[in-house]
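# Structural description and commentary
These are the residues of each chain, in order.
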Amino acid sequence: MTALQQVTDALEALPTTAFLVLDQGRTVLDHGTTTTPGFLASARKSVLSVLYGPAIADGTIRLDATLDELGIDDIGGLLPQERRATVRDLLTSSSGVYHPPAAAAGPEDDAPARGTQPPGTLFHYNNWDFNTLGTIFERCTGRSVFTALAEDLAAPLGFDDFDPARQRLLGRPEVSEHLAHHLFLSARDLGRLGTMLLQDGRWHDRQVVPASWVTESTSVQVGRGAGVQLDYGYLWWLPRLLGRGSFMAIGNFGQYVLCVPPGLVIVHLRAVPDDTILARTQGTPTPDPIDSVSPQQFMKLVQGVQVALRS
């Protein structure tokens, strides 16, 4: 049995919907429904980071701009200390703003009390930060996140499966005015995105994203201690085990986009029913639970792919 067949056999035992491996843009393994747009869950945040690149480069958005300068507030009001958080603090999930987020996804359950952590001092995975970055993007650029996705990424990269109508703004507006921009993309379109990033933001003869932003956003911005295997960039996770320069998007249920220099891109998607998505974002009981693919299971697949490529 070949090493690649072992990976395929392992996939058959998991609730995987799509698994795609590209090496220097060449398809190594195409398993499942890689042409069907799927729910990205929190992997959406890394795509938002990519969209930020041109706006940061041309000065439309400043990393050191504070929430106060940008006119960002929320239901019940932000604290004076919270208003001092910068765009950079939000991109590193270190804002110190623990206002309840519009989408009830869970990580905020163990958040520190509001006003106890100054901006930029503590990494705490916080959906309020990510959702508010969507609001900031739209106010500063004058375009919706979904329009930018279509014009700045889907069009130049030639996404085959992009459906503008599938993208969703979800959450509880009575809790927070900053809703979650949920994205639905196919594995093969995400593969193109990852390949473009590993080419320093270039696709064919076009610079889609500034190379400087690709480097900065996927470099360590938050080192997370000796016992943690994932550092953090600007909305990207940085797996230490795969070496510096590697970066990945991670979403609940088993959504992953892994990029390993010089050209390896591995995409894993696990389909999530719409009623489950709506229940999670609204904070209501979810329908029947669905099986997930854990980061540990995904990394075992990655190791299998690496063995296959070396053989």
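This text goes with the structure placed above it.
Here we summarise the structure given alongside this text. (Residues numbered from 1 in each chain as written. Predicted model: local features only at pLDDT ≥ 70, side-chain atom pairs only at ≥ 80, totals over all residues. Heavy atoms only, no water.)

## Quick look at the nonpolar core
Put simply, the test is: The criterion is simple. A nonpolar core is a set of buried Ala, Val, Leu, Ile, Met, Phe, Trp, Tyr and Cys residues joined through side-chain atoms within 4.5 Å. Each residue's exposure class comes from its accessible area (1.4 Å probe, protein chains only) as a fraction of the maximum for that residue type: buried when under 20%, exposed when over 50%, partly exposed otherwise. It only takes one pair of heavy atoms within 4.5 Å for two residues to be counted as in contact.
Grouped together as the largest cluster of nonpolar side chains are 87 residues, with contacts concentrated most on Phe-19, Tyr-52, Leu-153 and Met-196. Not counting residues up to four positions away in its chain, the partners in contact with Leu-153 are Val-47, Val-50, Leu-51, Ala-148, Gly-158, Phe-159, Leu-193, Met-196, Val-208 and Val-209. Judged by nonpolar contacts, the second largest core, of seven residues, contains Ala-41, Leu-170, Phe-253 and Val-272.

## What about the packing of aromatic side chains?
Definition in use: Pairing of aromatic rings covers Phe, Tyr and Trp, the last through its six-membered ring, and needs centres within 6.5 Å; plane angles under 30 degrees mean stacked, over 60 mean edge-to-face, and all others mean tilted. Both a distance and an angle decide whether a charge sits over a ring: NZ of Lys or CZ of Arg must be within 6 Å of the ring centre and within 35 degrees of the ring normal.
Tallying each qualifying case throughout the model produces 10 aromatic pairs. With centroids separated by 4.9 Å and ring planes inclined at 55°, the aromatic side chains of Tyr-125 and Phe-130 adopt a geometry described as tilted. The exposure classification of Tyr-125 matches that of Phe-130, with both residues buried. Taken together, the ring pairs connect Phe-123, Tyr-125, Phe-130, Tyr-232 and Trp-237 into an aromatic cluster. Over the aromatic face of Phe-184 sits the side chain of Arg-166, whose NZ or CZ is 4.1 Å from the ring centroid.

## As for the packing of helix α2 (residues 44-57) against helix α6 (residues 145-157)
Rules: In this analysis, axes come from line fits to C-alpha atoms, helices being fitted only over the stretch in contact, and the angle between any two N-to-C directions falls in the range 0 to 180 degrees. Every helix listed is a DSSP run of H or I at least four residues long, and every strand listed is a run of E at least two residues long, numbered separately from the N terminus. Each angle is binned into one of four classes, with values under 35 degrees roughly parallel, values over 145 roughly antiparallel, values of 65 to 115 roughly perpendicular, and all other values oblique. Crossing handedness is read from the near helix: turned anticlockwise from the far helix by less than a right angle, it gives a left-handed crossing, and turned clockwise, a right-handed one.
The geometry of α2 relative to α6 is characterised by a closest axis approach of 10 Å and an angle of 70° between their N-to-C directions. The pairing of α2 with α6 is recorded here as roughly perpendicular in orientation. For the element pair α2 and α6, the recorded crossing hand is left-handed. Contacts between α2 and α6 involve Val-47, Leu-48, Val-50 and Leu-51 on the former and, on the latter, Val-145, Ala-148, Leu-149, Asp-152 and Leu-153.

## Overview of the environment of Leu-22
Mapped onto the fold, Leu-22 is located in strand β1 (residues 18-23). Sequence separation between Leu-22 and Ile-266 is 244 residues, and the spatial gap between their C-alpha atoms is 6.5 Å. Those residues in contact with Leu-22, other than ones at most four positions away along the chain, are Thr-27, Gly-191, Arg-192, Thr-195, Gly-263, Leu-264 and Val-265.

## Here we look at the side chain of Asp-231
Applicable threshold: Any pair of N or O atoms that falls within 3.5 Å is considered a polar contact. Within protein, one atom must be able to donate a hydrogen and the other to accept it, and sequence-neighbouring residues count only if both atoms are side-chain atoms.
Tracing the sequence through the fold places Asp-231 in strand β9 (residues 230-232). Here Arg-224 takes part through its backbone nitrogen, which lies 3.0 Å from a polar atom of the side chain of Asp-231. Within the local environment of Asp-231, its side chain forms a polar contact with the side chain of Arg-240, the two groups lying 2.7 Å apart. What Asp-231 contacts, discounting residues up to four positions off in sequence, is Val-220, Val-222, Gly-223, Arg-224, Trp-236, Trp-237, Leu-238, Arg-240 and Arg-244.

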